[in-house]
2 protein chains.
Amino acid sequence: MQVSKTLDYAVRSLTYMSKRPVERFSMKEISEKQHIPLNYLAKIMRKLVNRGIIRSMVGPDGGYALRKSPGEINLKDVYEAIEGELKMIDCMDKDTICSLYENCPQLPVWDKLQVSMIKILESTTLEDMLNREKSNVA
Amino acid sequence: MQVSKTLDYAVRSLTYMSKRPVERFSMKEISEKQHIPLNYLAKIMRKLVNRGIIRSMVGPDGGYALRKSPGEINLKDVYEAIEGELKMIDCMDKDTICSLYENCPQLPVWDKLQVSMIKILESTTLEDMLNREKSNVA
DNA sequence: CTAAACATGGACTTTCTGTGTCTATAATGT
DNA sequence: ACATTATAGACACAGAAAGTCCATGTTTAG
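Re the overall build of chain A
Part 1: Summing up its helical and strand segments, chain A has 6 helices and 2 strands in all.
Part 2: Going residue by residue from the N terminus, the α and β elements of chain A occur as α-α-α-β-β-α-α-α.
Part 3: The 138 residues of chain A split such that 50% are buried.
Part 4: Across chain A, the fraction of contacts at a sequence separation of at least 24, relative to all contacts at a separation of at least 6, is 61%.
Part 5: Total accessible area on chain A is roughly 7,100 Å²; 49% of this is exposed by carbon and sulfur atoms.

The following block contains the structure:
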């Protein structure tokens, strides 16, 4: 029930890029400024590229750039790029053990949690995050 | 970002006990009825005992019983009994790496998520879960 | 053309945690 | 005394998360 380091890295990288949304950033710069292992960052960036959140340019002076404006990139996209579909508990889409029980009292609760998390992630864009920056920890 | 099997076991056991809130249940019964490995269940139950959610009686005809009524036991208690304090990300209470950065754009978001999860858990009692049982998956 | 700068993709290693087992001990009712 | 039940902690294991390394391919400045 925690945010993985990987996801945190991804979000950090993206918010970093959001400060100058049209520029190009080399992996090296992001890696150094955000203290993320270079080779590990490479994997993360690939996922973001594949998902269409950023685009990459090869060659000297290449790097990464946002594909959309920070206001158009929400955290649900980022989450799914990194972790895949969000689900609170495995049996929520497979019908494994749970199908053994005629009724499963806790499913609705996990579902409720899941729905509200998705809603929050979906409604939060990178731009929002930058704006909230000063008023840390609500 | 998932509900652990352990927590699910705990909730299952408690809702099972909630159906007959005054009775005593042996680990053996719970283990069999809920398909939870006996020795593993033992560890879970101890946590619930330590937290004061259930009480235990040793000896023949011993077992476990709810300490409060199902309406008075909420899921936040259960969560914390099993997993400890709920926090989305480690730096939310330690001041480790994050203190290096003058500003941390994503913290408010994780915090928002965290607060809303706690709210949902807190407002859901075992009794609620039993009542919702028939209308699965909202 | 060539080398520098960069990205890509996959294999591999390490570390950690969730999950589960085993064994020995203590308490209690009959 | 004996059977039954919980308590406590050590131990084992698998799978995932986190991180490393390397071999390859692309672009472009010079």
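There's more to say after this.
A look at the environment of I30(A)
All names here are of chain A.
Part 1: Assignment of secondary structure puts I30 in helix α2 (residues 27-34).
Part 2: The exposure class of I30 is buried, given its relative accessible area of 0%.
Part 3: Taking the C-alpha atoms as reference points, I30 and G63, 33 residues apart in sequence, are found 10.0 Å from one another.
Part 4: Excluding its chain neighbours within four sequence positions, the residues that come into contact with I30 are S13, Y16, M17, F25, H35, L41 and M45.

Re the relation of the copies chain B and chain A
Part 1: Mapping chain B onto chain A calls for a screw motion: a turn of 179° about the axis and a shift of 0.1 Å along it, with 0.2 Å RMSD after fitting. What we have between these two chains is a two-fold relation. Considering only C-alpha atoms, the residue of chain B closest to the rotation axis is M1(B), which sits at 1.9 Å.
Part 2: Here 100% of the contact residues of chain B are again contact residues in chain A; the copies associate through an equivalent surface.

Side note on the protein's contact with DNA strand D
Part 1: Near DNA strand D there are 23 residues, and of these T6(A), K43(A), M27(B), S56(B) and Y64(B) occur at the shortest range.
Part 2: Each atom of DNA strand D within 4 Å of the protein was assigned to sugar, phosphate or base; sugar and phosphate come to 60%.
Part 3: One nitrogen or oxygen atom from the side chain of T6(A) is found 2.5 Å from a phosphate oxygen belonging to DNA strand D.
Part 4: Between K43(A) and DNA strand D, the recorded distance is 2.8 Å, taken from a side-chain N or O atom to a base oxygen.
Part 5: Of all the secondary structure elements, the ones that give two or more residues to the surface near DNA strand D are α1 (5-18) and α3 (38-50) of chain A together with α3 (38-51), β1 (54-57) and β2 (63-66) of chain B.
Part 6: In terms of residue class, the surface near DNA strand D is made up of 10 nonpolar, 8 polar and 5 charged.

Overview of the pairing of strand β1 (residues 54-57) of chain A
Part 1: Where β1(A) meets strand β2 (residues 63-66) of chain A, 4 bridges bridge the pair, whose relative direction is antiparallel. Bridge pairing in β2(A) places I54(A) opposite L66(A).

Focus: the interface of chain B and chain A
Part 1: The partner chain A presents 44 residues to the 43 residues of chain B that form the contact.
Part 2: Interface of chain B and chain A: buried area, both sides summed, is about 4,400 Å²; carbon and sulfur atoms make up 63% of it.
Part 3: Between the two partners, chain B and chain A, sit 0 salt bridges.
Part 4: Between the two partners, chain B and chain A, sit 10 residue pairs in polar contact (both at pLDDT 80 or more).
Part 5: Contributing elements (two or more residues each) for the side of chain B that touches chain A: α1 (5-18), α2 (27-34), α4 (75-83) and α5 (107-122) of chain B.
Part 6: Residues belonging to the side of chain B that touches chain A are distributed by class as follows: 23 nonpolar, 11 polar and 9 charged.

Points about the protein's contact with DNA strand C
Part 1: Not every one of the 21 residues close to DNA strand C is listed here, only the nearest: R46(A), K5(B), T6(B), K43(B) and P60(B).
Part 2: When atoms of DNA strand C within 4 Å of the protein are split into backbone and base, the sugar-phosphate part holds 58%.
Part 3: With respect to DNA strand C, the side chain of S56(A) contributes an N or O atom lying 2.9 Å from a phosphate oxygen.
Part 4: Within the backbone of K5(B), one N or O atom sits 2.8 Å away from a phosphate oxygen of DNA strand C.
Part 5: Elements that contribute at least two residues to the surface near DNA strand C include exactly α3, β1 and β2 of chain A together with α1 and α3 of chain B.
Part 6: Taken together, the residues that form the surface near DNA strand C break down as 10 nonpolar, 7 polar and 4 charged.

Side note on the nonpolar core
Part 1: Judged by nonpolar contacts, the single largest core of 76 residues is most densely connected at L48(A), V78(A), W110(A), L48(B), V78(B) and W110(B).
Part 2: Contacts of V78(B), omitting those with residues within four sequence positions, involve L7(B), A10(B), V11(B), L14(B), L48(B), I53(B) and I73(B).

Overview of α3(B)
Three or four residues apart is the spacing at which side chains of an α-helix point the same way, because the helix has 3.6 residues per turn.
Residue and element names in this part refer to chain B.
Part 1: Taking 1.5 Å per residue as the helical rise, α3 with its 14 residues ought to reach 20 Å, and the 20 Å between its terminal C-alpha atoms agrees with that figure.
Part 2: L41, A42, I44, M45 and L48 are the residues of α3 that are buried.
Part 3: The inward-facing, buried residues of α3 contact α1, α2, β1, β2 and α4.

Rules used throughout
- Residues numbered from 1 in each chain as written.
- Chains lettered and ligands numbered in written order.
- Predicted model: local features only at pLDDT ≥ 70, side-chain atom pairs only at ≥ 80, totals over all residues.
- Heavy atoms only, no water.
- Helix = DSSP H or I, 4+ residues; strand = E, 2+ residues; numbered from the N terminus.
- Buried < 20%, exposed > 50% of the residue type's maximum accessible area, 1.4 Å probe, protein only.
- Contact = heavy atoms within 4.5 Å.
- Areas by Shrake-Rupley, 256 points an atom, 1.4 Å probe, with all protein chains shown as cover.
- Least-squares fit on C-alpha atoms with pLDDT ≥ 70 in both.
- Near = heavy atom within 4 Å.
- Polar contact = N/O pair within 3.5 Å; in protein donor to acceptor, adjacent residues only side chain to side chain.
- Nonpolar A, V, L, I, M, F, W, Y, C, P; charged D, E, K, R; others polar.
- Pairing = 2+ DSSP bridges.
- Buried area = accessible area lost by both parts, 1.4 Å probe.
- Salt bridge = Lys/Arg side-chain N within 4 Å of Asp/Glu carboxyl O.
- Core = buried A, V, L, I, M, F, W, Y, C linked by side-chain atoms within 4.5 Å.
- Expected span 1.5 Å × (residues − 1).

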